[in-house]
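Each chain, letter by letter, is given below.
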Amino acid sequence: MKATGPGLPETQRTAGGAALSALVLDLFKLSSRMLAAGDRLVAELGLTSARWQVLGTIVAATRPQPVAWLARDMGAKRQNVQRIVNDLVNEGLVGLAPNPHHRRASLVVLTDRGQQAFDAAMCLQAPWINRLAEGLAAGDIETTHGVIRAVRRKLEDEGDPDEA
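Just so you know, these numbers come straight off a predicted model, no measurement behind them.

About the thresholds
- Residues numbered from 1 in each chain as written.
- Predicted model: local features only at pLDDT ≥ 70, side-chain atom pairs only at ≥ 80, totals over all residues.
- Heavy atoms only, no water.
- Helix = DSSP H or I, 4+ residues; strand = E, 2+ residues; numbered from the N terminus.
- Rg over C-alpha atoms; globule rule 2.2 N^0.38 Å.
- Buried < 20%, exposed > 50% of the residue type's maximum accessible area, 1.4 Å probe, protein only.
- Contact = heavy atoms within 4.5 Å.
- Areas by Shrake-Rupley, 256 points an atom, 1.4 Å probe, with all protein chains shown as cover.
- Lys, Arg positive; Asp, Glu negative; His and termini not counted.
- Charge placed at Lys NZ, Arg CZ, Asp CG, Glu CD.
- Expected span 1.5 Å × (residues − 1).
- Arc of directions from axis to C-beta.

S.K.: Could you give me a rundown of the overall build of the protein chain, with the residues and numbers involved?
M.R.: Looking only at helices and strands, one finds six helices and five strands in the protein chain. In sequence order, the secondary structure elements of the protein chain are arranged as β-β-α-α-β-α-α-β-β-α-α. Against the compact-globule benchmark of 15 Å for 164 residues, the protein chain has a radius of gyration of 20 Å, which places it well outside the compact range. Dimensions of the protein chain, computed from the C-alpha atoms along their principal axes, are close to 60 × 40 × 30 Å. Here the protein chain holds 164 residues, and the buried ones make up 21% of them. Pairs at least 24 residues apart make up 46% of the contacts formed inside the protein chain by residues separated by at least 6 positions. Carbon and sulfur atoms provide 56% of the accessible area of the protein chain, an area that totals close to 11800 Å². The distance from the centre of the 19 positive side-chain charges to the centre of the 18 negative ones in the protein chain is 4 Å.

Here is the structure:
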């Protein structure tokens, strides 16, 4: 290894590794900006990006799920999702139902108020996302999406030692 600075080894990346590294750095920046933009978009509804994401995960599920399953589907930590679900329960946007398979892991269910909030958020989201997509080729977006899914699958295959 060559030193590139005071005692710092030179990192050797393949062309693919260098390209993916640059993509990941931009994804971090994009994620921060998307969360902030989402917060602004749904603020008038009393939502945040995080609450909106949990509501969307509940809506997308085929049946009520416990917090741990919602967290898994979101790729998030259970404790973080639990905190958001607790807030949503306090706001009357979701409720908790008994889980016939596990006494302590209640099922999270969307209330009518929660469905209305989610629907209102999606009405705001459609024109906003369409504006963001202007000038971008749908095929390019789909290709990028495919790369992101492939990298995510590789990370999932490696496993997360913090998952429980």
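S.K.: Quick rundown of helix α4 (residues 78-91)? Include the residues and the values.
M.R.: Helix length check: α4 (14 residues) gives 20 Å between terminal C-alpha atoms against 20 Å at 1.5 Å per residue, within 8%. Every buried residue of α4 is listed here: Val81, Ile84, Val85 and Leu88. Taken down its axis, α4 places every buried residue within 105° of arc, on the same side. Set apart from the buried face of α4 by more than 90 degrees, the exposed residues are Gln79 and Asn90. Buried residues in α4 make contact with α2 (49-60), α3 (67-74), β4 (94-97) and β5 (107-110). Backbone geometry just after α4 places Gly92 at a positive phi near 80°.

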